[in-house]
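Per-entry structural report
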Amino acid sequence: MATKLTLSADDVTGVVGIIPTPSTPTADHTNTVNSVDLEEAAKLADAMVRGGVDVLMTTGTFGECASLTWDELQSFVATVVDAVAGRIPVFAGATTLNTRDTIARGHRLGELGADGLFVGRPMWLPLDDAGIVRFYRDVAETLPHLALVVYDNPGAFKGKIGTSAYEALSHIPQVVAAKHLGLLSGSAFLSDLRAVDGRIRLLPLENDWYYFARLFPEQVTACWSGNVACGPAPVTRLRDLIRAERWDECQALTYELEAALQTLYPSGNFAEFLKYSIQIDNAQFQAAGFMRTGPTRPPYTEVPESYLDGAREAGRRWAALQQRYAAPHLDGLDVPSEVTLTQTP
């Protein structure tokens, strides 16, 4: 079992990688009992550490927390924890439909060696800000030994966490960070950043990180990335450039990340993406070829084929960046000034 870490907001820095749950070839069958490819899961977790990811999170939305059985989720988290072997913190996703199950699940994942929990609120009915704060306070007080990363996904949880709730959450000692939508939430990131006042880390997407880090270098010291499953090198390169305050190169690399992800959202529609994000992300991961993954799990299996075409193109573009930025001659910060991506008409 991995050594327990006493984590604070200062421990959530750099690249926070969120990984999918690799699936077996029959994962889309309703009679499949064990749908997790544990061998690939171990390889993926180790590749994240060796690739320079600073913090690892599991079983979020595209990690299919909602469609894994409890036995599968436990075996997956245990495999990831063993593969990471204490080299970086691991936050295990513990989202359920109610507080008691989330607490029970979180307690068990802590026993398996997770350093903290990645927790979304119950979403059968939407929670207002008072309900959101009460939920996280209940989890924190019952599991005081585990650090918490708040999961703010308006699509999954029927609304965004309000700024006043962020201010209250930032005073809960176990809450160390929040996965945020960054620029996709409009001006909310700036309001939320002011509200938490450095007490917790707000994590923007990797392609928003440069913009906020340049304005708030002491507060925005980390990003989240699911695209690390397509290869972590572009994001860890961006981290190194941000830390070196090489802002022109940060901007250039950010533009490359944006271009790579241009086709991921169907017709540029983020709301439409959220309806099929599990399937779309899985197609992107498959096309990138950095990891091996099988089909998505029921009931999240159907998706318009045109949406998958855009996802696959995004995966191929990211793979080109991974190949370029992972090249041996890029030791240190000798970043190429230009990366050419094949654009889709």
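For the structure itself, look to the data block above.
Below is a summary of the structure that appears in this document. In this text, all values refer to a predicted model and were calculated from it rather than measured experimentally.

Definitions and cut-offs
Residues numbered from 1 in each chain as written. Predicted model: local features only at pLDDT ≥ 70, side-chain atom pairs only at ≥ 80, totals over all residues. Heavy atoms only, no water. Pairing = 2+ DSSP bridges. Helix = DSSP H or I, 4+ residues; strand = E, 2+ residues; numbered from the N terminus. Axes fitted to C-alpha atoms, helices over the stretch in contact; angles between N-to-C directions. Contact = heavy atoms within 4.5 Å. Expected span 1.5 Å × (residues − 1). Buried < 20%, exposed > 50% of the residue type's maximum accessible area, 1.4 Å probe, protein only. Salt bridge = Lys/Arg side-chain N within 4 Å of Asp/Glu carboxyl O. Core = buried A, V, L, I, M, F, W, Y, C linked by side-chain atoms within 4.5 Å. Left-handed = near helix turned anticlockwise from the far one by under 90°. Nonpolar A, V, L, I, M, F, W, Y, C, P; charged D, E, K, R; others polar. Phe/Tyr/Trp six-rings, centres within 6.5 Å; stacked < 30°, edge-to-face > 60°. Lys NZ or Arg CZ within 6 Å of the ring centre and 35° of its normal.

Now for the sheet that holds strand β3 (residues 90-93). Spatially, the eight strands line up as an open sheet ordered β7-β6-β5-β4-β3-β2-β1-β8, and their pairing is parallel. Edge positions in the sheet fall to β7 (201-203) and β8 (222-225), since each of these pairs with one other strand and no more. Taken pair by pair, the neighbouring strands of this sheet meet at an average axis angle of 20 degrees, ignoring direction. Contacts from helix α8 (residues 233-243) reach β1 (14-18) and β8, with the element oriented near 160 degrees to β1.

This part takes up helix α4 (residues 129-142). Structural remark: α-helix, 3.6 residues per turn; residues separated by three or four positions point the same way. Relative to the 20 Å expected for 14 residues at 1.5 Å per residue, α4 spans 20 Å between its end C-alpha atoms, a close match to the ideal helical length. All buried positions along α4 are accounted for by G131, I132, V133, F135, Y136, V139 and A140.

Looking now at the pattern of salt bridges. Applying the stated rule across the entire model yields 21 salt bridges. In this structure, the salt-bridge partner of K43 is E39, at a minimum N-O distance of 3.4 Å. Of this pair, K43 and E39 both sit in helix α1 (residues 38-50), four residues apart, roughly one helical turn. A relative accessible area of 46% places K43 in the partly exposed class. A salt bridge links R312 to D309; the shortest N-O distance between them is 3.4 Å. In this pair, R312 and D309 both sit in helix α12 (residues 305-325), three residues apart, roughly one turn of the helix. Here the residues in one salt-bridge network are D37, E40 and R292, joined through shared partners.

As for its position among the elements, M57 is in strand β2 (residues 55-57). In the structure, M57 is positioned 92 residues away from V149 in sequence and 9.2 Å away in space, judged by C-alpha atoms. Apart from residues lying up to four places away in sequence, M57 is in contact with V16, G17, I18, I19, F91, F118 and V149.

The biggest cluster of nonpolar side chains holds 108 residues, and the ones touching the most others in it are L56 and F91. Looking at which element gives the most residues to this core, the answer is helix α2 (residues 70-84), with eight residues. Excluding residues within four positions of it along the chain, F91 makes contact with L7, V55, L56, M57, T58, G116, L117, F118, A147, L148, V149 and V176.

In the contact formed by helix α3 (residues 99-111) and α4, the axes pass within 10 Å of each other and the chain directions differ by 35 degrees. Once α3 is placed against α4, the crossing between them reads as right-handed. Of the residues in α4, those in contact with T99, T102 and I103 of α3 are F135, D138, V139 and T142. Considering only residue class, the contact of α3 with α4 consists of three nonpolar, three polar and one charged.

Let us now look at the packing of aromatic side chains. Evaluated as defined, the whole model comprises 11 aromatic pairs. Pairing Y210 with Y211 gives two aromatic rings, centres 5.1 Å apart and planes at 55 degrees, and the pair type is tilted. What makes Y211 partly exposed here is its relative accessible area of 24%. Over the aromatic face of W224 sits the side chain of K179, whose NZ or CZ is 3.8 Å from the ring centroid.

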